[in-house]
Amino acid sequence: ALTNFKQTLKPGVTVGQLDSARDQVVKTYDDLIKASQDVAKNEVDAVKAAENDFDRAVKAVPDDATLTQAVTSLRDEAAHVQAAVSDLQTAAKC
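Below is a short write-up of the structure. (Residues numbered from 1 in each chain as written. Predicted model: local features only at pLDDT ≥ 70, side-chain atom pairs only at ≥ 80, totals over all residues. Heavy atoms only, no water.)

Across its full length, the protein holds 4 helices and 0 strands. Relative to the globule expectation of 12 Å for 94 residues, the C-alpha radius of gyration of the protein, 14 Å, shows essentially globular dimensions. Considering only C-alpha atoms, the protein reaches an extent of 45 × 20 × 20 Å along its principal axes. When burial is assessed residue by residue, the protein has 35% of its 94 residues classed as buried. Across the protein, every contact between residues at least 6 apart in sequence was considered, and the portion connecting residues at least 24 apart equals 68%. Entry remark: accessible area of the protein is about 5700 Å², with carbon and sulfur atoms responsible for 49%. Of the charged side chains in the protein, 11 are positive and 15 negative; the average position of the first set lies 4 Å away from that of the second. (Helix = DSSP H or I, 4+ residues; strand = E, 2+ residues; numbered from the N terminus. Rg over C-alpha atoms; globule rule 2.2 N^0.38 Å. Buried < 20%, exposed > 50% of the residue type's maximum accessible area, 1.4 Å probe, protein only. Contact = heavy atoms within 4.5 Å. Areas by Shrake-Rupley, 256 points an atom, 1.4 Å probe, with all protein chains shown as cover. Lys, Arg positive; Asp, Glu negative; His and termini not counted. Charge placed at Lys NZ, Arg CZ, Asp CG, Glu CD.)

The structure is reproduced here in structure tokens:
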């Protein structure tokens, strides 16, 4: 879902497309949290915090914004979520 989100960050993307991609990330996040209830709490908390920051960043993009202005920030937020998920997956395999 995060890879798809990052792929939508191209010139000409609409706020609707951005919101749809965000919704996919949120659903994937919710599924991951449900599946990882027995994993180390620190990693789960890090994923939750990163997803919350990501969600806020996407919602903060004004409807009339040129999304080119927001692309770098949104890519950074998506990368933070990806890193936290990677840490969680590593912890889950231990």
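Further notes follow.
A few words on the nonpolar core. Phe5, Leu18, Val47, Phe54 and Leu74 are the most contacted members of the largest nonpolar core, which has 23 residues in total. Those elements giving two or more residues to this core turn out to be helix 1 (2-8), helix 2 (15-35), helix 3 (41-59) and helix 4 (67-93). Among the elements that take part in this core, helix 4 stands out by supplying 8 residues, more than any other. When residues no more than four places from it in sequence are discounted, the contact partners of Phe5 are Leu18, Ala21, Arg22, Val25, Phe54, Val58, Leu74 and Ala78. (Core = buried A, V, L, I, M, F, W, Y, C linked by side-chain atoms within 4.5 Å.)

Here we come to the layout of surface pockets. Of the volumes computed, that of the largest pocket is approximately 180 Å³. Surrounding the largest pocket, Ala1, Leu2, Thr3, Val25, Thr28, Tyr29, Leu32, Val47, Val81, Gln82, Val85 and Ser86 form its lining. Elements supplying a minimum of two residues to the lining of the largest pocket: helix 1, helix 2 and helix 4. A per-class count over the lining of the largest pocket returns 8 nonpolar, 4 polar and no charged. (1 Å grid on protein atoms, 1.4 Å probe; cavity = no way out; pocket = protein on both sides within 12 Å on 5 of 7 lines; lining within 4 Å. Points joined across faces, edges and corners; volume = space filled by probe spheres on them. Nonpolar A, V, L, I, M, F, W, Y, C, P; charged D, E, K, R; others polar.)

A few words on helix 2. Spacing of three or four residues puts side chains on the same side of an α-helix, whose turn is 3.6 residues. The first and last C-alpha atoms of helix 2 sit 30 Å apart over 21 residues, in line with the 30 Å expected at 1.5 Å per residue. Buried within helix 2 are the following residues: Val15, Leu18, Ala21, Arg22, Val25, Tyr29 and Ile33. The arc that holds every buried residue of helix 2, seen down its axis, measures 125 degrees, which confines them to one face. The exposed residues of helix 2 that point more than 90 degrees off its buried face are Lys27, Lys34 and Ala35. (Expected span 1.5 Å × (residues − 1). Arc of directions from axis to C-beta.)

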